[in-house]
Amino acid sequence: MKPYKDIAHLFDDLGIRHGASLSFHHHLRNGDAVQNLVLDEVKRRNLKALDLYPSAVFPVHTTLLSLLKAGHIKRLTTNYLNGPVADYFATHGTPDMLRMQSHGGRARAIIEGDNAIDVAFIAAPAVDREGNATGLEGPAACGSLGYAMEDVKHASTVVLITDTLVDRLDGAQIIGADVDHVLLVNSIGDATGILSGTLSLTRDPIGVKIARTAMRLLDALDVVNDGFSFQSGAGGISLRVVDMLHEKMKRDHIRASFFSGGITAYHVTMLESGLVETLYDVQCFDLEAVASLKRNANHIAISADRYANPRNDARVIATLDCVILGATEIDTDFNVNVTTDSHNTIIGGSGGHSDTAEDAGLSIIVTPLIKGRIPVIKDRVTTITTPGSTIDVLITERGVAVNPARSDIQTRLDKAGFSTTSITDLMRTAHALCGVPATTARQVNPVGFVESRHGKRLDTLYTKE
Amino acid sequence: MKTIVVGSLESSDCLITLQPADKTTIDIESVVYDAYGKRIRHVIERVLSAHQLTRVHVRCQDKGALDYAIEARLETAIKRHKEVNHGA
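Thresholds applied
- Residues numbered from 1 in each chain as written.
- Chains lettered and ligands numbered in written order.
- Predicted model: local features only at pLDDT ≥ 70, side-chain atom pairs only at ≥ 80, totals over all residues.
- Helix = DSSP H or I, 4+ residues; strand = E, 2+ residues; numbered from the N terminus.
- Rg over C-alpha atoms; globule rule 2.2 N^0.38 Å.
- Buried ≥ 20, exposed ≤ 12 C-beta atoms within 10 Å, placed from the backbone.
- Contact = placed C-beta atoms within 7 Å.
- Pairing = 2+ DSSP bridges.
- Expected span 1.5 Å × (residues − 1).
- Axes fitted to C-alpha atoms, helices over the stretch in contact; angles between N-to-C directions.
- Right-handed = clockwise from strand over helix to strand, strands pointing away.
- Core = buried A, V, L, I, M, F, W, Y, C linked by C-beta atoms within 7 Å.
- Domains from an automatic or database assignment.
- Nonpolar A, V, L, I, M, F, W, Y, C, P; charged D, E, K, R; others polar.
- Parallel < 35°, antiparallel > 145°, perpendicular 65-115°, else oblique.
- Left-handed = near helix turned anticlockwise from the far one by under 90°.

Attention now moves to the overall build of chain A. A tally of helices and strands in chain A yields 14 helices and 25 strands. Relative to the compact-globule value of 23 Å for 465 residues, chain A shows a C-alpha radius of gyration of 22 Å, a close match. The dimensions of chain A, computed from C-alpha atoms along their principal axes, are 70 × 55 × 35 Å. Every one of the 465 residues in chain A was classed for burial, and the buried ones make up 55%. Long-range contacts, defined here as pairs at least 24 residues apart, represent 74% of the contacts in chain A between residues at least 6 apart.

Okay, here's the thing in structure tokens:
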């Protein structure tokens, strides 16, 4: 496969026109250079009415912002977005312009043809002569390419964009047979930019208290046993739970079957000390995870389909015992919002939140009851990211509430002498401390919607107040 | 007449600046102004009136402090104001 060196020639040959649907993955996160590089060419050609499918959008994606401002984007479908592009939608969006999916939902939608992609532009850290590619080699090695795998299989045209051509690759993640073209560029980005989240254990006493309570709850429900499986978000409290889990497993000689999702150095340490059999890695959250994927045979890169597609019976999270997740808001029906704040500002999105909450045997939300005076529990969340019917337990520093739909969990906690309260009482406790907040954002002008992993409209996004 | 500054701009705290003035004025800047601005004003007015203080300018830069924290910061500011500006 002779690589292109000029993106203009590639666009000429592909005949990319107005209205094209283009996709990108976000494994380089805020270090990604590929989306800007491609959209710069789109901009030079003055292409309009574009239908874009980046798996996530970060502040680095400035060309997308200028295309939005110029009115050249018809619709954006993504799983997560923050920064200036998110702010643009929340201030200037028009109805149905933004469609937010989950990681598993995006995989489902691509496979079922619901997300119909003309050209997938895949940032590929290293590519060989046959068009095989890996995320493990090259200066911008980002590890797992999980979120790109359905694009590679189902887009009409697949273009790998790389800065590293090698003769031969063993154990490629993408096989050349699925690839149409290769574009060679100077740099696909900066892998250190994958550390764009806040990936450290919380030291905040409130956070530590919540993590300890989570551990007591896991004990009361007898979750941590040989062969159990576990996933957590990458928030500070979740990672503190991972750290406490590590201590417990070491002390009690317990070995987990697998950890899944976004993988960090904390998970790698547990793999390498034999506390967990397998890491199923859809996305590396730090460079230690990238290095581990390369050296550990039982650290396995998986596609978003295998991770979380609700139509794939063999998905990893179908057998997940427990997931620990965060919340920006939660309401008295246990609906969780991690997409917007209470002013309709878009601050993120589901990612795997709604996928894992639905599939895991036990889904736990960990959050401080109050964040900067604002009570986290609302009568109704600003935006539903994850339906309350899929959330089992809420843990705060001032008490634990079990979803009334999970009377089995409530009974087991009662028997174990683990004290709980109701989510309404927790909200009242917060109001007693903070006062009842005066306003909630008005929801008047729609700019998009949240789609469930099954493809149904879950909630509407509105301009910010 | 000296300006008194009490508190901090850390999350969940507030910075109170108290200055002698011809009449009472209150400026509030808060990260939770929409939700709690009125309540913060009410707390400040209540503390000022309990001390029968009528000729001060109060500036409250709030980072999400709870009522009792705002009250405590303001109490301290008033105590210092009385010591410094009126002799203890």
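Right, let's talk about the overall build of chain B for a bit. Tallying secondary structure elements over chain B gives two helices and four strands in all. Counting from the amino terminus, helix and strand elements in chain B follow one another as β-β-β-α-β-α. Computed over the C-alpha atoms, the radius of gyration of chain B is 12 Å, within 12% of the 12 Å expected from 2.2 N^0.38 for a compact globule of 88 residues. Along the longest, intermediate and shortest principal axes, the C-alpha atoms of chain B span 35 × 20 × 20 Å. For chain B, buried positions account for 28% of its 88 residues. Across chain B, every contact between residues at least 6 apart in sequence was considered, and the portion connecting residues at least 24 apart equals 75%.

This paragraph deals with the pairing of strand β4 (residues 56–62) of chain B. Residue and element names in this part refer to chain B. Side chains Val56, Val58, Cys60 and Asp62 of β4 all project onto a buried face; the interleaved residues His57, Arg59 and Gln61 project onto a face where none is buried. As judged from the seven bridges shared by strand β2 (residues 14–20) and β4, these two strands associate in the antiparallel manner. In the strand pairing of β4, Leu15 is matched with Gln61. Relative to β4, strand β3 (residues 25–30) is paired through six bridges, and the arrangement is parallel. Bridging across to β4, Asp27 finds its partner in Arg59.

The next thing to look at is helix α8 (residues 236–252) of chain A. All names here are of chain A. For α8, built from 17 residues, the straight-helix expectation of 24 Å at 1.5 Å per residue is met to within 8% by its first-to-last C-alpha distance of 24 Å. The set of residues buried in α8 consists of Gly236, Ile237, Ser238, Leu239, Arg240, Val241, Val242, Leu245 and Met249. In the core, the buried residues of α8 are packed alongside α7 (205–220), β11 (229–232), β12 (256–263), α9 (265–272), β15 (322–325) and β18 (362–366). His253 lies just past α8 and shows a positive phi near 55°.

Another aspect to go through is the sheet that holds strand β1 (residues 4–7) of chain B. Residues and elements named next belong to chain B. The sheet built from four strands is open, its strands ordered β1-β2-β4-β3 with mixed pairing. Both outer strands of the open sheet, β1 and β3, are each paired with one neighbouring strand and no more. Ignoring which end each strand starts from, the neighbouring axes of this sheet average 10° apart. Pairing of β1 with β2, which is carried by four bridges, proceeds in the antiparallel orientation. Bridging across to β2, Val5 finds its partner in Thr17.

On to the pairing of strand β3 (residues 73–78) of chain A, then. Residues and elements named next belong to chain A. Both strand β2 (residues 50–54) and β3 contribute to a ladder of three bridges, which runs parallel. By the bridge assignment, Leu50 is partnered in β3 with Ile73. As a crossover connection, the stretch from β2 through helix α3 (residues 62–69) into β3 is right-handed. Taken together, the three bridges between β3 and strand β4 (residues 98–100) define a ladder with parallel strand orientation. In the sheet register, Thr78 faces β4, and the bridge partner there is Met100. Regarding topology, helix α4 (residues 84–92) serves as the crossover connection from β3 to the parallel β4, and that connection is right-handed.

Another aspect to go through is the nonpolar core. Residue and element names in this part refer to chain A. Judged by nonpolar contacts, the single largest core of 167 residues is most densely connected at Phe121, Ile122, Val159, Ile161, Ala214, Ile365 and Ile395. With six residues, the top contributor of residues to this core is α8. Per-domain counts for this core show at least three residues from each of domain 1 (7–194) and domain 2 (205–439). Those residues in contact with Ile122 that sit more than four places away from it in its chain are His25, Ala148, Asp151, Val152, Val158, Val159, Leu160 and Ile161.

Further remarks concern the sheet that holds strand β6 (residues 126–128) of chain A. Residue and element names in this part refer to chain A. The three strands lie next to each other as β7-β6-β9, forming an open sheet whose pairing is mixed. The sheet is open, and its two edges are formed by β7 (133–134) and β9 (165–166), each paired on a single side. Across two bridges, β6 lies against β7 in antiparallel orientation. Of the residues in β7, the one forming a bridge with Ala126 is Thr134.

The partner chain B presents 13 residues to the nine residues of chain A that form the contact. Taken together, the residues of the side of chain A that touches chain B sort by class into five nonpolar, three polar and one charged.

A separate point is the packing of α3(A) against α4(A). Residue and element names in this part refer to chain A. Running from amino to carboxyl end, α3 crosses α4 at an angle of 20°, the nearest separation of the two axes being 9 Å. As judged from the angle between their axes, α3 and α4 are roughly parallel. In this structure, α3 crosses over α4, and the sense of that crossing is left-handed. Listed contacts from α4 to Leu64, Leu65 and Leu68 of α3 are Pro84, Val85 and Tyr88.

All names here are of chain A. What the domain assignment lists for chain A is domain 1 (7–194) and domain 2 (205–439). Each of domain 1 and domain 2 has a C-alpha centre, and these two points are 29 Å apart. Contact residues are listed per partner, giving 30 residues for domain 1 and 33 residues for domain 2. For the side of domain 1 that touches domain 2, the elements supplying multiple residues, two or more each, are α4, α5 (103–111) and α6 (149–154). If you tally residues by element for the side of domain 1 that touches domain 2, the top one is α5, at six residues. When grouped by side-chain class, the residues that make up the side of domain 1 that touches domain 2 number 16 nonpolar, 11 polar and three charged.

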